[in-house]
Amino acid sequence: MLGVFSSSIMSPPEELVAAGSRTPSPKATASKLVGRFLEANSSAVSVQIGDDVQLAYTHYNQSALQSRSFAVKDEIFCLFEGSLDNLGSLKQQYGLAKSANEVLLVIEAYKALRDRAPYPPNHVVGHLEGNFAFIVFDKSTSTLFVATDQFGKVPLYWGITADGYVAFADDADLLKGACGKSLASFPQGCFFSTSIGELRSYENPNNKITAVPAPEEEIWGAKFMVEGQNVLAATK
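Residues numbered from 1 in each chain as written. Predicted model: local features only at pLDDT ≥ 70, side-chain atom pairs only at ≥ 80, totals over all residues. Heavy atoms only, no water.

J.: I'd like a rundown of the nonpolar core, residues and numbers included.
T.: If you look at the biggest cluster of nonpolar residues, it comprises 31 residues, and the most contacted ones within it are Phe-5, Leu-144, Trp-158, Phe-168, Phe-186 and Leu-199. Not counting residues up to four positions away in its chain, the partners in contact with Leu-199 are Trp-158, Phe-186, Pro-187, Cys-190, Phe-191, Phe-192, Ile-209 and Phe-224. Grouped together as the second largest cluster of nonpolar side chains are 28 residues, Ile-107, Tyr-110, Phe-132 and Ala-147 included. (Core = buried A, V, L, I, M, F, W, Y, C linked by side-chain atoms within 4.5 Å. Buried < 20%, exposed > 50% of the residue type's maximum accessible area, 1.4 Å probe, protein only. Contact = heavy atoms within 4.5 Å.)

J.: Please set out helix H1 (residues 14-22) residue by residue, giving values where relevant.
T.: Turning to H1, its buried residues number three or more, namely Leu-16, Ala-19 and Gly-20. Taken around the axis of H1, the buried residues stretch over an arc of 95°, which confines them to a single face. Summarising the geometry of H1, the exposed residues directed more than 90 degrees from the buried face are Glu-14 and Ser-21. In this structure, the buried side of H1 is in contact with strand S8 (157-160), strand S10 (183-185) and strand S14 (222-226). (Helix = DSSP H or I, 4+ residues; strand = E, 2+ residues; numbered from the N terminus. Arc of directions from axis to C-beta.)

J.: With reference to specific residues and values, describe the side chain of Thr-148.
T.: Examined against the element boundaries, Thr-148 turns out to sit in strand S7 (residues 143-148). Residue Thr-148 is classed as buried on the basis of its relative accessible area of 2%. Those residues in contact with Thr-148 that sit more than four places away from it in its chain are Phe-132, Ala-133, Leu-156, Phe-186, Pro-187, Gln-188, Gly-189, Cys-190 and Tyr-202.

J.: Describe unusual backbone geometry, and please don't skip the residues or the numbers.
T.: Positive phi values are uncommon outside glycine, yet Asp-74 reaches one of about 55°. Tracing the sequence through the fold places Asp-74 in the loop between strand S4 (68-73) and strand S5 (76-84). Phi angles above zero are rare outside glycine, and Glu-75 is one such case at about 65°. Residue position: Glu-75 is located in the loop between S4 and S5.

J.: Go over the confidence of the model for the chain with me, naming the residues and quoting the values.
T.: The predicted model of the chain has a mean per-residue pLDDT of 88, with 94% of residues at 70 or higher. The least confident element of the chain, judged by mean pLDDT, is helix H5 (residues 122-126) at 81; the most confident is strand S1 (residues 2-5) at 98. Here residues 230-236 is a poorly scored stretch, pLDDT under 50, and it has 20 contacts once near neighbours within four places are set aside; other chains count. (pLDDT = per-residue confidence, 0-100.)

J.: Tell me about the packing of helix H2 (residues 30-40) against helix H6 (residues 172-179), residues and numbers included.
T.: One can describe the packing of H2 onto H6 by two numbers: an axis separation of 9 Å at closest approach and a directional angle of 145°. The handedness of the crossing between H2 and H6 comes out as right-handed. Within the contact between the two elements, H2 uses Leu-33, Arg-36 and Phe-37 and H6 uses Leu-174, Leu-175, Gly-177 and Ala-178. Considering only residue class, the contact of H2 with H6 consists of five nonpolar, one polar and one charged. (Axes fitted to C-alpha atoms, helices over the stretch in contact; angles between N-to-C directions. Left-handed = near helix turned anticlockwise from the far one by under 90°. Nonpolar A, V, L, I, M, F, W, Y, C, P; charged D, E, K, R; others polar.)

J.: Kindly report on H2, identifying the contributing residues and their values.
T.: Among the residues of H2, Ala-30, Leu-33, Val-34 and Phe-37 are the ones counted as buried. For H2, the angular spread of the buried residues around the axis is 95°, confining them to a single face. Of the exposed residues in H2, those oriented more than 90 degrees away from the buried face are Ser-31, Lys-32 and Glu-39. If you follow the buried residues of H2, they end up packed against S1, strand S2 (45-49), strand S3 (53-57), strand S9 (166-169) and H6.

J.: Could you give an account of the sheet that holds S9, with specific residues and numbers?
T.: Taken in spatial order, the six strands line up as S2-S3-S1-S9-S8-S10 in an open sheet, and their pairing is antiparallel. Edge positions in the open sheet fall to S2 and S10, since each of these has one partner strand only. Geometrically, the sheet is characterised by an average inter-axis angle of 15° between neighbouring strands, direction not taken into account. Pairing geometry for S8 and S10, over three bridges, is antiparallel. If you follow Gly-159 over to S10, its bridge partner there is Leu-183. Packing against the sheet, H1 makes contact with S8 and S10, and its axis sits at approximately 65° to S8. Where H6 meets the sheet, its contacts fall on S1, S8, S9 and S10, and the angle it forms with S8 comes to roughly 10°. (Pairing = 2+ DSSP bridges.)

So, in structure tokens, the structure goes:
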């Protein structure tokens, strides 16, 4: 799956900007990145949302246990990859039909955050059990919400394209060609929301997340760490 967002939606993370500046490398524009994704996946589906957002996904080469899905409801767009172990109980909690899948559940969880203030953002993902990564874009408020599971079982990466778009994808090699060293693994057990303007751990919401420069030989330019933990909050 792939999502690209202009700077009017999300400001490029300073840590990724700095990583790209330390080791300049070839990049490509957001449109070329999306074009490469579509060319490599003939069955891919792409959705353009105004001038600032583009989402794309394909079922090609997906795991049977970690399928990719897309849905839009009430101008809330969602890309989801993975599966939820507690989907049944969550459908009852949110009053969804038995036929509802994970992507619709995530949309409802996001709507609860948006419409039932005060509702801590970490509550949107803190009660999700399973392997997942998702991207939510709320067109009505131009809000972006991205998260991964606590064990990083579904890989997700983010980077900055040549024209300053922030891109998220489950394929590191795809982003490498467009983002150069302005690239990192999205930290596991964390979420990013433009409504709060920063990356946070939903397991330890009060702990600061910092980025450390990655070794030169690695594909990315930075790794993100949740302070107070003994392990890097990033997949390797």
